[in-house]
Every structure is written in structure tokens, then in C-alpha cells.
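# Analysis of the macromolecular model
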Amino acid sequence: MEILGYKKKTKKELLKAVDECKSISQLCALVQHEGITIQMQCLPGASNIPMKKLSSGEMVAKSPLDTLKERVINAVNSNK
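An account of the accompanying structure is given in this report. In this text the structure is predicted, and so the values were computed from the model without any measurement. (Residues numbered from 1 in each chain as written. Predicted model: local features only at pLDDT ≥ 70, side-chain atom pairs only at ≥ 80, totals over all residues. Heavy atoms only, no water.)

This next bit is on the environment of Arg 71. Relative to the elements of secondary structure, Arg 71 occurs in helix H3 (residues 64-79). Looking at Arg 71, the relative accessible area reads 28%, which means it is partly exposed. In this structure, the C-alpha to C-alpha distance between Arg 71 and Gln 39, residues 32 residues apart in sequence, is 7.9 Å. (Helix = DSSP H or I, 4+ residues; strand = E, 2+ residues; numbered from the N terminus. Buried < 20%, exposed > 50% of the residue type's maximum accessible area, 1.4 Å probe, protein only.)

Turning our attention to the nonpolar core. Among the nonpolar cores identified, the biggest contains 13 residues, and Leu 14, Val 18, Leu 27, Leu 30, Ile 36, Val 72 and Val 76 are the most heavily contacted of them. Where this core is concerned, the elements lending two or more residues are helix H1 (11-20), helix H2 (24-34) and H3. (Core = buried A, V, L, I, M, F, W, Y, C linked by side-chain atoms within 4.5 Å.)

Moving on to H3. The end-to-end C-alpha distance of H3 is 23 Å, a good match for the 22 Å that 16 residues give at a rise of 1.5 Å each. Listing the buried residues of H3 in full gives Leu 65, Thr 67, Leu 68, Lys 69, Val 72, Ala 75 and Val 76. In the core, the buried residues of H3 are packed alongside H1 and H2. (Expected span 1.5 Å × (residues − 1). Contact = heavy atoms within 4.5 Å.)

Turning next to the environment of Cys 28. Examined against the element boundaries, Cys 28 turns out to sit in helix H2. Considered as a pair, Cys 28 and Leu 68 are 40 residues apart in the sequence and their alpha carbons are 9.2 Å apart.

Put into C-alpha cells, the structure is as follows:
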């Protein structure tokens, strides 16, 4: 779905915009407007996706916003 009057950003602009997001809702709006697809992580018993082993302290050190930003940045780098 395209938003009238919205011009998609270049990869460089998009990465800067992701970094400047101050809330999860801002980041989600950006993901929606840009049509970015990100993959969710789930519990190992919930699907056939292999479980990702996290290093100790990996999730503790990051806020939910930082974790989501990281996933969006990875999606942008792999898709554009």
C-alpha cells in the first residue's frame, strides 16, 4: 500500500531515519511506509524455525526499541 504524498527514502536516508526514531510506534510507522519486511523471532516450540542461541546478556543490554531497530537495519541492508 502506498501512502499518498509519501516519497520512499534512499537506503542512506532510511538508515538515518531508523537511527533517529525515538519510539517503537515511530519505527513501526517507518517500516509500514517503506514496506520493510522483518522476521520475528519466536519460541522454539512455536514453529519449525531453528532456535537462535543468544549469548549471555545479549537481550538484557538492549532495550526493545534498540532490538527492533537492529532487526530493521538488518532487513534494510539485506533488501536494498
